[in-house]
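Structure assessment
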Amino acid sequence: MSSLLTVSHLTKRFHISGGIRSELTAVRNVSFKIFHGEILGLAGESGSGKTTVSRLLLGLEQPDEGEVRYEGMEFSSLDRVGRQGIRREIQAIFQDPFASLNPIMRVGKIIEEPLKIQGIKDSEGNSSVVKKLLETVGLPVSCMAKRPDQLSGGEQQRVCIARALALRPGLLIADEPVSALDAELRAGILALLREFRNKSGISVLLIAHDLLLFKGIADRVAIMYEGEIVEIGKTEEVLSRPRHPYTRELLQAVPPYCMDDLMKNVRKGRDNGEVSEGNMCRYWSRCSQVAECCRKEVPPEKESESGFYRCHF
Ligand SMILES: Nc1ncnc2c1ncn2[C@@H]1O[C@H](COP(=O)(O)OP(=O)(O)OP(=O)(O)O)[C@@H](O)[C@H]1O
Ligand code: SF4
Ligand SMILES: [Mg+2]
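Keep in mind that this is a model prediction, so the values were computed, not measured. (Residues numbered from 1 in each chain as written. Chains lettered and ligands numbered in written order. Predicted model: local features only at pLDDT ≥ 70, side-chain atom pairs only at ≥ 80, totals over all residues.)

1. Describing the site of ligand 2
Lining the immediate environment of ligand 2, one finds 14 residues, of which Cys-281, Cys-287, Cys-294, Pro-299 and Cys-311 sit closest. Of the residues that constitute the shell around ligand 2, the class distribution is 11 nonpolar, three polar and no charged. (Near = placed C-beta within 6 Å. Nonpolar A, V, L, I, M, F, W, Y, C, P; charged D, E, K, R; others polar.)

Dropping the structure here:
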């Protein structure tokens with residue numbers, strides 16, 4: 001598979017006021033690729049930097065260091081027309097579908113809107129494009145006349161997907177697209193993404209808290225911890241033979257996925273003043289395998305069967 005998107009050494013810092021630190025590194029030296037037609041899962045606990053990565057890819061934030069290339073084109077080198085083209089190519093859906101939809105617009109207009117904004121008039125007529133998109137996402141044509149509040153959460157997310165697909169993007173970023181939905185609706189939305197990928201060859205960056213959600217959906221998964229990718233590899237391999245202690249912690253927390261336990265661990269480390277900066281493993285204050293070297297040296301990137309992990313052991 002060839003690479004659609006190449007992310008190299010991406011770093012994003014935010015200036016913060018009122019705390020001990022004046023700067024927070026949300027994304028730290030992150031590198032990965034998304035291949036054509038691939039679904040890449042991105043997991044990690046709250047605050048690990050997943051959304052910031054997606055915002056950098058969408059051009060909503062600018063990196064402090066590093067670069068993003070789409071089909072070989074480097075984002076920061078693009079002129080206005082180039083940037084517009086990339087904006088069409090990379091589309092996104094988010095956690096709360098209702099908040100992403102204009103409540104006073106009818107579904108048909110919502111899906112057609114991106115075509116209008118881009119000045120696109122399909123030869124068959126935009127309304128026939130909208131009908132096809134509704135069919136693709138498994139919604140009846142009658143939905144066109146409804147407002148978002150007249151749809152269920154699952155249907156609203158399908159409308160968001162249809163709108164995101166209207167411009168035929170090459171990459172869809174789905175930031176926790178099912179976390180607001182119940183189990184049955186989740187499965188339907190994930191199956192829809194996989195089915196659409198199989199048919200159209202679109203690439204997807206699927207962000208989630210729950211690692212097990214990627215099973216049977218994502219081709220590879222990347223695990224983020226404090227802004228860094230600590231492990232990446234084929235989904236089956238990472239889920240069945242995790243190499244990084246943090247990946248094992250995430251897997252032990254599911255099912256049921258117990259975010260409260262993870263957050264207790266985060267607080268435990270931070271309340272002890274154990275802010276992991278400098279020459280050390282950032283995970284040391286939580287790691288059950290911690291050794292002397294972990295507090296003195298940054299762990300190296302080690303090869304796994306299908307990717308890498310960052311650990312001394
Ligand atoms: N605009 C901003 N200004 C300051 N800090 C920010 C900003 N955006 C994000 N952050 C901080 O960056 C870190 C990463 O945030 P991000 O939203 O990327 O995490 P996340 O992994 O998506 O979390 P969640 O799972 O809760 O959505 C957090 O500590 C967050 O508070
Ligand atoms: S380097 Fe040490 S602290 Fe970090 S994950 Fe590996 S064993 Fe744990
Ligand atoms: Mg997020």
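2. Some thoughts on the pairing of strand 1 (residues 3–15)
Relative to strand 2 (residues 23–35), strand 1 runs antiparallel, the two sharing nine bridges. Opposite Ser-3, over in strand 2, you have Phe-35 as the bridge partner. Judged from the five bridges that link them, strand 1 and strand 4 (residues 65–70) form a sheet pairing that is antiparallel. Residue pairing across strands places Ser-8 opposite Glu-67, the latter belonging to strand 4. (Pairing = 2+ DSSP bridges. Helix = DSSP H or I, 4+ residues; strand = E, 2+ residues; numbered from the N terminus.)

3. Here we look at the site of ligand 1
Around ligand 1 sit 13 residues, and of these Phe-14, Ala-26, Ser-46, Thr-51 and Thr-52 come closest. At the level of secondary structure, the elements contributing two or more residues to the shell around ligand 1 comprise strand 2 and helix 1 (50–57). With three residues, helix 1 is the largest single contributor of residues to the shell around ligand 1. For the shell around ligand 1, a count of residues per class yields four nonpolar, eight polar and one charged.

4. A few points about helix 6 (residues 153–165)
Helix length check: helix 6 (13 residues) gives 18 Å between terminal C-alpha atoms against 18 Å at 1.5 Å per residue, within 8%. Burial analysis of helix 6 places 12 of its 13 residues in the buried class, the great majority of the element. Taken residue by residue, helix 6 has Gly-154, Glu-155, Gln-156, Gln-157, Arg-158, Val-159, Cys-160, Ile-161, Ala-162, Arg-163, Ala-164 and Leu-165 as its buried positions. Those residues of helix 6 that are buried are in contact with strand 6 (90–93), helix 3 (97–100), helix 4 (107–117), helix 5 (126–136), strand 7 (171–175) and helix 7 (183–200). (Expected span 1.5 Å × (residues − 1). Buried ≥ 20, exposed ≤ 12 C-beta atoms within 10 Å, placed from the backbone. Contact = placed C-beta atoms within 7 Å.)

5. Topic: unusual backbone geometry
For Arg-168, which is not a glycine, the phi torsion comes out positive at approximately 50 degrees. Position of Arg-168 among the secondary structure elements: in the loop between helix 6 and strand 7. Positive phi is not limited to glycine here, since Glu-226 has a value of about 45 degrees. Its place among the elements puts Glu-226 in the loop between strand 9 (220–225) and strand 10 (228–234). The exposure class assigned to Glu-226 is buried, which follows from the 22 C-beta atoms found within 10 Å.

6. Examining the sheet that holds strand 4
Ordered in space as 2-1-4-5, the four strands form an open sheet in which the pairing is antiparallel. In this open sheet, the two strands that pair with only one neighbour each are strand 2 and strand 5 (73–74). Its contacts with the sheet place helix 1 against strand 1, strand 2 and strand 4, and it is angled at close to 65 degrees to strand 2. (Axes fitted to C-alpha atoms, helices over the stretch in contact; angles between N-to-C directions.)

7. Considerations on the environment of Ser-54
With respect to the element layout, Ser-54 can be found in helix 1. Through-space distance from the C-alpha of Ser-54 to that of Glu-74 is 16 Å; in sequence the pair is 20 residues apart.

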